[in-house]
Protein chains: 2
Amino acid sequence: MELKANDIINELVETKDIRITSQRRKILEILIENRDKHLSVEDIYNVSKKQGKSVAIPTIYRTMDILQKSGIVIKNDFGDGIAKYELYVKEKETIHYLICKRCGKIIEVTGLLPDNLNSHLLEEHGFQAIDTSLKIYGYCDDCMYQEGKFQ
Amino acid sequence: MELKANDIINELVETKDIRITSQRRKILEILIENRDKHLSVEDIYNVSKKQGKSVAIPTIYRTMDILQKSGIVIKNDFGDGIAKYELYVKEKETIHYLICKRCGKIIEVTGLLPDNLNSHLLEEHGFQAIDTSLKIYGYCDDCMYQEGKFQ
DNA sequence: ATACCTGCAAATGCTTTGCGGATGG
DNA sequence: CCATCCGCAAAGCATTTGCAGGTAT
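What you are looking at is a predicted structure, and each value in this text was computed from that prediction instead of being measured.

Asks: If you had to explain the packing of aromatic side chains to someone new, which residues and values would you point to?
Replies: Residue and element names in this part refer to chain A. A full pass over the atoms with the stated rule returns two aromatic pairs over all chains. Relative to tyrosine 97, the ring of phenylalanine 78 lies with its centre 4.8 Å away and its plane at 75°, an arrangement referred to as edge-to-face. Of this pair, phenylalanine 78 sits in the loop between β2 (73-77) and β3 (83-87) while tyrosine 97 sits in strand β4 (residues 95-100), and the two are 19 residues apart along the sequence. Given a relative accessible area of 8%, phenylalanine 78 falls into the buried group.

Asks: Could you give me a rundown of the packing of helix α3 (residues 41-50) of chain B against helix α4 (residues 57-69) of chain B, with the residues and numbers involved?
Replies: Residues and elements named next belong to chain B. One can describe the packing of α3 onto α4 by two numbers: an axis separation of 10 Å at closest approach and a directional angle of 120°. The angle between α3 and α4 places the two elements in the oblique class. Relative to α4, α3 is oriented so that their crossing is right-handed. In contact with Val41, Ile44 and Tyr45 of α3, α4 contributes Ile57, Ile60, Tyr61 and Met64. A per-class count over the contact of α3 with α4 returns seven nonpolar, no polar and no charged.

Asks: Talk me through the state of the cysteines; I want residue IDs and the actual numbers.
Replies: All names here are of chain B. Under the defined criterion, the tally for this structure stands at zero disulfides over all chains. Distance from the sulfur of cysteine 103, which forms no disulfide, to the nearest cysteine sulfur (cysteine 100) is 3.7 Å. Among the cysteines around cysteine 140, which has no disulfide bond, cysteine 143 carries the closest sulfur, lying 3.8 Å off. A relative accessible area of 1% places cysteine 140 in the buried class.

Asks: Let's hear about the relation of the copies chain A and chain B: which residues, and what values?
Replies: By a simple turn and slide, chain A fits onto chain B: the slide is 0.0 Å along the axis, the RMSD is 0.1 Å, and the turn is 180°. Those values place the two copies in the arrangement expected of a two-fold rotation axis. Minimal C-alpha separation from the rotation axis in chain A is found for leucine 134 of chain A, amounting to 2.2 Å. Of all interface residues in chain A, 97% are interface residues in chain B too; the two copies therefore contact each other through one and the same surface.

Asks: Provide a residue-level description of the interface of chain A and chain B, including the pertinent values.
Replies: Between chain A and chain B, the contact holds 33 residues from the first and 33 residues from the second. Contact between chain A and chain B buries roughly 2700 Å² in total, counting both sides, with carbon and sulfur atoms accounting for 69%. In this assembly, chain A and chain B are joined by two salt bridges. Across the salt bridge formed by lysine 101 of chain A and aspartate 131 of chain B, the nearest N and O atoms sit 2.9 Å from each other. At the boundary of chain A and chain B, one finds twelve residue pairs in polar contact (both at pLDDT 80 or more). At the level of secondary structure, the elements contributing two or more residues to the side of chain A that touches chain B comprise β4, β5 (106-110), α5 (117-125) and β6 (128-139) of chain A. Considering each element in turn, the side of chain A that touches chain B owes the most residues, twelve residues, to β6 of chain A.

Conventions and cut-offs
- Residues numbered from 1 in each chain as written.
- Chains lettered and ligands numbered in written order.
- Predicted model: local features only at pLDDT ≥ 70, side-chain atom pairs only at ≥ 80, totals over all residues.
- Heavy atoms only, no water.
- Phe/Tyr/Trp six-rings, centres within 6.5 Å; stacked < 30°, edge-to-face > 60°.
- Helix = DSSP H or I, 4+ residues; strand = E, 2+ residues; numbered from the N terminus.
- Buried < 20%, exposed > 50% of the residue type's maximum accessible area, 1.4 Å probe, protein only.
- Axes fitted to C-alpha atoms, helices over the stretch in contact; angles between N-to-C directions.
- Parallel < 35°, antiparallel > 145°, perpendicular 65-115°, else oblique.
- Left-handed = near helix turned anticlockwise from the far one by under 90°.
- Contact = heavy atoms within 4.5 Å.
- Nonpolar A, V, L, I, M, F, W, Y, C, P; charged D, E, K, R; others polar.
- Disulfide = S-S within 2.5 Å.
- Least-squares fit on C-alpha atoms with pLDDT ≥ 70 in both.
- Buried area = accessible area lost by both parts, 1.4 Å probe.
- Salt bridge = Lys/Arg side-chain N within 4 Å of Asp/Glu carboxyl O.
- Polar contact = N/O pair within 3.5 Å; in protein donor to acceptor, adjacent residues only side chain to side chain.

Laid out in structure tokens, this is it:
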């Protein structure tokens, strides 16, 4: 855990020239503790406050921006207009999201896209893919037979 | 053109109980004239103003909300936080978007997803898919060999 | 030493809402 | 008629920015 944070910090220091401050270390620790979740800036702020090391909201925004541009986090918007961040894990397959329009539950899925997608895009459309975002909105098991209300 | 607007209006009147006002008719006409584009609320406002029948911004938001919930338009966000609307065309295959991170160009593509995707999701995850959104961010032909600046 | 970072407050920009007057069916 | 809609102004809300003081290297 602490080790992982240091790994990421080392990568930050070595590859980009980004200063390591106590706030940035705290944010990275929170991201690592919650690597299975999608955190909003407010989430990160609340956790930092609860843990006694409150980091200001603008600082979090600025840090997430840096982390995203450095490829350390992925920025996501699941349709509610609030940015959600998660650590980028190199080894992991690209994750796709099934988003329930009724209860908001997010199911993570992999392997929906053809393996040769990126080379196909390059050949057919001259497009160099970097980030692929597949989000499928609909109704989860629990909500499917309830009245299909939007939110 | 005018015919199409009336078709949609008839559908509105028949299937939902939505009043037809001059503003809503104007908005539908603008959407039809620009069925190949992705219009922001501001775009629609500017066109309406230029055409001498200015529709107020809040009215456009309210109308787009109704049209979206009625399945007449698709709401999209291509990563800049500004909602873009387009007419939903039933016959059309699901469209995927290649979005250039440098110049912002949007290339529309179809057929990237397996045919049995929805039934697969239902069987494997108990998920009833309604809207599928595949957005791929990267660099277009023109921008690929330029310095890969974000925006 | 000094370039960069933080936190506060204020600004920004898209979107939403309250409300009095207007209008469609 | 009367429920619904429109336009204006103002409010909401996530995000960004200016700036004075603090910190990492």
